[in-house]
Amino acid sequence: MTADALKDQLVTLLTDTLDVKGEVTPETPFTELELDSLVLLEFSVLLGQHYSVEIPEEDLLDAGDVAAVASLVLARQDSATPRV
């Protein structure tokens, strides 16, 4: 999966599944979206379900936006892939 496709999917998770309001782009800071701890927890759970990665809500908050979360997802998927 490309980083751009993942970013689009993550934006859709936030807007459609978690019902985050406002203009959500990959670069929109989470602080502007006023995400509370429950939304971040739900986002963390969805990331685990959809992408088989564990990213705690604190890491999501530190990432700050969808683009950085996409990088985290790809990095953690890559590190979980066994090397042959």
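Keep in mind that this is a model prediction, so the values were computed, not measured.

Undergrad: Before we go on, may I ask you to explain the side chain of D65 in this structure?
TA: Along the chain, D65 falls in the loop between α4 (57–63) and α5 (66–80). The side chain of D65 sits in the buried core without any salt bridge; K7 is the nearest counter-charge, 8.0 Å away. For D65, the side chain forms a polar contact with the main-chain nitrogen of A68, separated by 2.8 Å. Ignoring anything within four residues of it in the chain, the contact list for D65 reads P26, E27, T28, P29 and F30.

Undergrad: Even after reading the chapter, I still don't get the environment of E32, so can you show me in this structure?
TA: As for its position among the elements, E32 is in helix α2 (residues 30–33). Using a relative accessible area of 60% as the deciding quantity, one classes E32 as exposed. Put simply, E32 and L46 are 14 residues apart on the chain and 21 Å apart in space, counted from C-alpha to C-alpha.

Undergrad: I would appreciate a short explanation of the nonpolar core in the present structure.
TA: One broad trend across soluble globular proteins is that nonpolar side chains are buried collectively. In terms of nonpolar packing, the biggest core is built from 24 residues, with L10, F43 and L47 touching the most fellow members. Counting only elements with at least two residues in this core, the list comes to α1 (3–17), α2, α3 (37–51) and α5. Sort the elements by how many residues they give to this core and α3 lands first, with 6 residues. If near-sequence neighbours (up to four positions away) are discounted, L47 is found in contact with L10, S52, V53, I55, L60, V69 and V73.

Calculation notes
- Residues numbered from 1 in each chain as written.
- Predicted model: local features only at pLDDT ≥ 70, side-chain atom pairs only at ≥ 80, totals over all residues.
- Heavy atoms only, no water.
- Helix = DSSP H or I, 4+ residues; strand = E, 2+ residues; numbered from the N terminus.
- Buried < 20%, exposed > 50% of the residue type's maximum accessible area, 1.4 Å probe, protein only.
- Lys, Arg positive; Asp, Glu negative; His and termini not counted.
- Salt bridge = Lys/Arg side-chain N within 4 Å of Asp/Glu carboxyl O.
- Polar contact = N/O pair within 3.5 Å; in protein donor to acceptor, adjacent residues only side chain to side chain.
- Contact = heavy atoms within 4.5 Å.
- Core = buried A, V, L, I, M, F, W, Y, C linked by side-chain atoms within 4.5 Å.

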